[in-house]
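Observations on the three-dimensional arrangement
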Amino acid sequence: MMLPSSPNSDQRTARQLETRRSSRARMKLVERLKRKGIRNPAVLDALEAVPRHLFLDPEQFDNAYVDTALPIGHAQTISQPFVVALMTEMVLTAAKNNRRVLEIGTGCGYQTAILSLLFDKVYSVERILSLSQRAEKNLALLCINNATLQHSDGTEGWPGHETFDAIIVTAASDNLPQPLLRLIKPDTCLIAPIGAPGYQQLTTLRNQNGLISSETAEAVRFVPLLSGTCD
Ligand code: SAH
């Protein structure tokens, strides 16, 4: 991952300072994530590598490495780093292969960037056009070129019906929509926050000989999985 070069030396110096400051903040964040129970070294490395502040508006930069969800506009949020790390760890534990992952709910693209370091190819769908466009820019800025973004309704799955090794749903629902359940093939795992608004449990779903099994983990609070698309 490379940052694009700045046009002049003042900007380059400012960027270098910000990069150094933020990399120290990321190291501290990763220490905190370890204390909270994240163990997978590949996940910790990915969270240390991805500059979360670049996914936020400048007025949020100071909070970028606080372990909390933050607003990104349109009544949506960038997920809490601990929850991103935990879901990524769950996905890596459950997936048989690390080739293709589908993310439902791109937001500003932070989780997409983390997944891009751990899977060969990331597919991510977002129902709000301006967020999808913003994520596209953020990923381009970081020279991430193994993620394909789509502005569409993720409750319908992925247009083209690809098969995936893993699916990660980053918005909450009580019952997963049928098109998503149909994407859980024998070698596919799906991780999603399942439950009522305000309280969900991270759940791993697998296909065992045609039957879907589920295993629950931590309680979380995600924005809702909504149908349809908007600008
Ligand atoms: N993965 C993001 C989380 C963003 S919050 C991160 O890394 O921070 C959840 C996102 O899911 C929101 O941007 C919301 O617009 C989106 N979303 C909700 N319902 C959706 C749907 N049916 N299809 C696609 N995206 C959806």
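Please read these numbers as outputs of a predicted model, since none were measured by experiment. (Residues numbered from 1 in each chain as written. Predicted model: local features only at pLDDT ≥ 70, side-chain atom pairs only at ≥ 80, totals over all residues. Heavy atoms only, no water.)

Now for the overall build of the chain. A count of helical and extended segments in the chain gives six helices and nine strands. Computed over the C-alpha atoms, the radius of gyration of the chain is 17 Å, within 12% of the 17 Å expected from 2.2 N^0.38 for a compact globule of 231 residues. Taking the principal axes of its C-alpha atoms as reference, the chain extends roughly 60 × 40 × 35 Å. Looking at the chain residue by residue over its 231 residues, the buried ones come to 48%. Look at the contacts in the chain between residues 6 or more apart in sequence, and 56% of them connect residues 24 or more apart. Taken as a whole, the chain presents about 11,300 Å² of accessible surface, with 50% of it coming from carbon and sulfur. (Helix = DSSP H or I, 4+ residues; strand = E, 2+ residues; numbered from the N terminus. Rg over C-alpha atoms; globule rule 2.2 N^0.38 Å. Buried < 20%, exposed > 50% of the residue type's maximum accessible area, 1.4 Å probe, protein only. Contact = heavy atoms within 4.5 Å. Areas by Shrake-Rupley, 256 points an atom, 1.4 Å probe, with all protein chains shown as cover.)

Time to look at the layout of surface pockets. Space inside the largest pocket adds up to approximately 570 Å³. Considering the residues around the largest pocket, the lining is formed by 38 residues, among which T77, S79, T170, F222 and V223 are closest to the centre. At the level of secondary structure, the elements contributing two or more residues to the lining of the largest pocket comprise β2 (76-78), α3 (81-94), β3 (100-104), α4 (110-116), β4 (121-126) and β9 (211-220). Top element by residues in the lining of the largest pocket is α3. It accounts for four residues. Broken down by class, the residue content of the lining of the largest pocket amounts to 19 nonpolar, 13 polar and six charged. (1 Å grid on protein atoms, 1.4 Å probe; cavity = no way out; pocket = protein on both sides within 12 Å on 5 of 7 lines; lining within 4 Å. Points joined across faces, edges and corners; volume = space filled by probe spheres on them. Nonpolar A, V, L, I, M, F, W, Y, C, P; charged D, E, K, R; others polar.)

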